[in-house]
Amino acid sequence: MAEELRLGDIIDDHCSKCGMVTNHSVVSIVDGTAARTQCRTCGDEHKYRKAKGGRKKSSSKADLFAEVLSKIDS
Ligand SMILES: [Zn+2]
């Protein structure tokens, strides 16, 4: 059986504020599926966008480089 989803679980979802897939807390569950999630980065709460399925973005070197830079910058 698939893992049971519970409130507070951390899942990947796309945050429109962050503009990327980030860790989200599950804040609402409907029929065993996340209905609403809250971004762990900016705190924005929104409908679960099921980002998991579209998570095939090939992390290009440029992306990784930009991520590293942004971390150093902060
Ligand atoms: Zn966010």
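Look above for the structure.
Residues numbered from 1 in each chain as written. Predicted model: local features only at pLDDT ≥ 70, side-chain atom pairs only at ≥ 80, totals over all residues. Heavy atoms only, no water.

Enquirer: What should I look at first to understand the coordination of the zinc ion in this one?
Expert: The reference angle at a metal is 109.5 degrees if four donors form a tetrahedron and 90 or 180 degrees if six donors form an octahedron. Taken together, the protein ligands of the zinc ion are Cys 15 (SG), Cys 18 (SG), Cys 39 (SG) and Cys 42 (SG), with distances of 2.3 to 2.4 Å. Coordination at the zinc ion is tetrahedral: its four donor atoms span angles of 106 to 115 degrees at the metal. Donor residues for the zinc ion sit on one chain with the sequence pattern C-x2-C-x20-C-x2-C. Here Cys 42 lies in the loop between strand E3 (33–39) and strand E4 (45–47) and Cys 18 lies in the loop between strand E1 (10–15) and strand E2 (20–30), a separation of 24 residues in the sequence. Judged by relative accessible area, which is 26%, Cys 18 ranks as partly exposed. (Donors = N, O, S within 2.8 Å, 3.2 Å for Na, K, Ca; no water. Tetrahedral: all angles 85-135°; square planar, octahedral: opposite > 155°, others 65-115°. Helix = DSSP H or I, 4+ residues; strand = E, 2+ residues; numbered from the N terminus. Buried < 20%, exposed > 50% of the residue type's maximum accessible area, 1.4 Å probe, protein only.)

Enquirer: What is the right way to look at the environment of Glu 45 in this model?
Expert: Examined against the element boundaries, Glu 45 turns out to sit in strand E4. Overall, Glu 45 belongs to the partly exposed group, its relative accessible area being 40%. Residues Glu 45 and Val 27 lie 18 residues apart in sequence; the distance between their C-alpha atoms is 8.3 Å. With near-sequence residues (within four places) excluded, Glu 45 lies in contact with Val 27, Arg 36, Thr 37 and Gln 38. Among the polar contacts listed, one links the side chain of Glu 45 to the side chain of Arg 36, at a separation of 3.0 Å. (Contact = heavy atoms within 4.5 Å. Polar contact = N/O pair within 3.5 Å; in protein donor to acceptor, adjacent residues only side chain to side chain.)

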